[in-house]
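A closer look at the structure
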Amino acid sequence: MTRTVSVDRSGASASRRWMMLLLVVIGCAGLAGIFMLRSPVAPALEGTPKGFVLNEVPSSLPEVQFTDDEGRPRALADFRGKVVLLNMWATWCLPCRKEMPTLDRLQAALGGGGFEVVALSVDRQGAEAVKTFYSEIGVRNLAVHVDASGQALSALAAVGLPTTILIDPEGRELGRLMGPAEWDAKDMVAFLKPIVERETGRRAVPEKKESTP
C-alpha cells in the first residue's frame, strides 16, 4: 500500500512540475508578445477579419522544431515555398477544439502547392493524443504536427492558445491572429485567397537580369 501511495504522489508531483513549466512558458510568451506588438503593423484594411493583425512589412521568425505523426523531426523550413497558416493549439484547449474543424475545411478549400495549414499541437501526450482527437471529430485534411515541449509558444511569442501566424513562402511572418476564429468563413477565405495568390505569384516571376551592353 505504501508503495502505491508513493507512486501516486510521484505522478502527481510530475504533473504539477509540467503544469508549472507550461505556465512559465506561456508567461514568457506573453512577455515576448508584448514586445512583439510594439513592432510596426499595417493599418487595418477593408475586409481584414476581426482580430487579424497584419505586419507593415514581413518580419523574420525563429526556426521552430517539432515532430510529425511518426515522431520524425520536422521544422518550419520544410514548408518554404508555400504560404503557411501555422496554428498552435492543444486538445485540452476548448476554443482550439472548436476551431479545428474550420481549419480542416480551410485546408480542403485552399490547400495545395501554394498553401498549407500547419496545425502544431503542444500536447504533452504527443501524436497519439492528436490522432485520437482527429479521429473523434473527423479531421481528414490536416497533418499531425506536435511540439510536446511547448517551446514553440515562447519562440514564436504566442500569447495563449490558440495563436495563428500567417507565414510567407520565405518563412517570414505576414501577420497573426490571437484567439479562435472561423477559418472557413467566407470573409476569411476571401481575405486569405488573394494573399496566397499574390505571394505564390511573386515567387513564380523570375528575377530580371541586367542586360550587358
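So, here is what we can say about the structure in this document.

Criteria and thresholds
Residues numbered from 1 in each chain as written. Predicted model: local features only at pLDDT ≥ 70, side-chain atom pairs only at ≥ 80, totals over all residues. Heavy atoms only, no water. Core = buried A, V, L, I, M, F, W, Y, C linked by side-chain atoms within 4.5 Å. Buried < 20%, exposed > 50% of the residue type's maximum accessible area, 1.4 Å probe, protein only. Helix = DSSP H or I, 4+ residues; strand = E, 2+ residues; numbered from the N terminus. Contact = heavy atoms within 4.5 Å. Pairing = 2+ DSSP bridges. Disulfide = S-S within 2.5 Å. Salt bridge = Lys/Arg side-chain N within 4 Å of Asp/Glu carboxyl O. Phe/Tyr/Trp six-rings, centres within 6.5 Å; stacked < 30°, edge-to-face > 60°.

**Quick word on the nonpolar core**
Counting 52 residues, the largest nonpolar core has Met-88, Met-100, Tyr-134 and Trp-183 as its most contacted members. The element best represented in this core is strand β4 (residues 83-89), accounting for 6 residues. The contacts of Met-100, once residues within four sequence positions are left out, are Asn-87, Trp-89, Ala-119, Phe-133, Tyr-134, Ile-137, Val-139 and Leu-142.

**With respect to the pairing of strand β5 (residues 115-121)**
Burial analysis of β5 places 7 of its 7 residues in the buried class, which makes it a mostly covered element. Burial along β5 is two-sided: Phe-115, Val-117, Ala-119 and Ser-121 and Glu-116, Val-118 and Leu-120, pointing in opposite directions, are all buried. Where β4 and β5 come together, 7 bridges link them in parallel fashion. Within β5, the position partnered with Met-88 by the bridge is Leu-120. Bridge analysis of β5 against strand β6 (residues 145-146) gives 2 bridges, and the strand direction is parallel. Residue pairing for β6: Ser-121 is matched across the bridge by Val-146.

**Description of the state of the cysteines**
For the structure on display, the rule yields 1 disulfide. Paired by a disulfide, Cys-93 and Cys-96 hold their sulfur atoms 2.3 Å apart. On the sign convention where negative is left-handed, the bridge of Cys-93 and Cys-96, at about 75° about the S-S bond, is right-handed. Here Cys-93 and Cys-96 have matching classes, each one buried.

**Remarks on the pattern of salt bridges**
For side chains bearing opposite charge, pairing can occur when the charged atoms are close. As enumerated under the stated definition, the model contains 12 salt bridges in all. One salt bridge connects Lys-82 with Glu-116, and the closest N-O pair in it is separated by 2.8 Å. Residue Lys-82 is found in the loop between β3 (73-75) and β4, and its partner Glu-116 is found in strand β5; the two are separated by 34 residues along the sequence. The salt bridge involving Arg-172 is made with Asp-168; its shortest N-O contact spans 2.8 Å.

**Structural notes on the packing of aromatic side chains**
Overall, the coordinates contain 4 aromatic pairs when judged by the stated rule. An angle of 40° between the planes, with centres 5.5 Å apart, marks the rings of Trp-89 and Phe-133 as tilted. Taken as a pair, Trp-89 in strand β4 and Phe-133 in helix α3 (residues 127-137) lie far apart in primary sequence, 44 residues in all. Here the two residues Trp-89 and Phe-133 agree in accessibility, since each one is buried. Ring centres of Trp-89 and Tyr-134 lie 6.1 Å apart, and the angle between their planes is 5°; this geometry places the pair in the stacked category. Of this pair, Trp-89 sits in strand β4 while Tyr-134 sits in helix α3, and the two are 45 residues apart along the sequence. When its relative accessible area of 6% is taken as the criterion, Tyr-134 is described as buried. Chaining the aromatic ring pairs together yields one cluster made of Phe-52, Trp-183 and Phe-191.

**A short note on unusual backbone geometry**
The step from Leu-161 to Pro-162 runs through a cis peptide bond, and the omega angle for that step is -5°. Among the secondary structure elements, Pro-162 is positioned in the loop between α4 (151-155) and β7 (163-167). In this structure, Ala-157 takes a positive phi of about 55° despite not being glycine. Judged by relative accessible area, Ala-157 falls into the buried class, the value being 5%.

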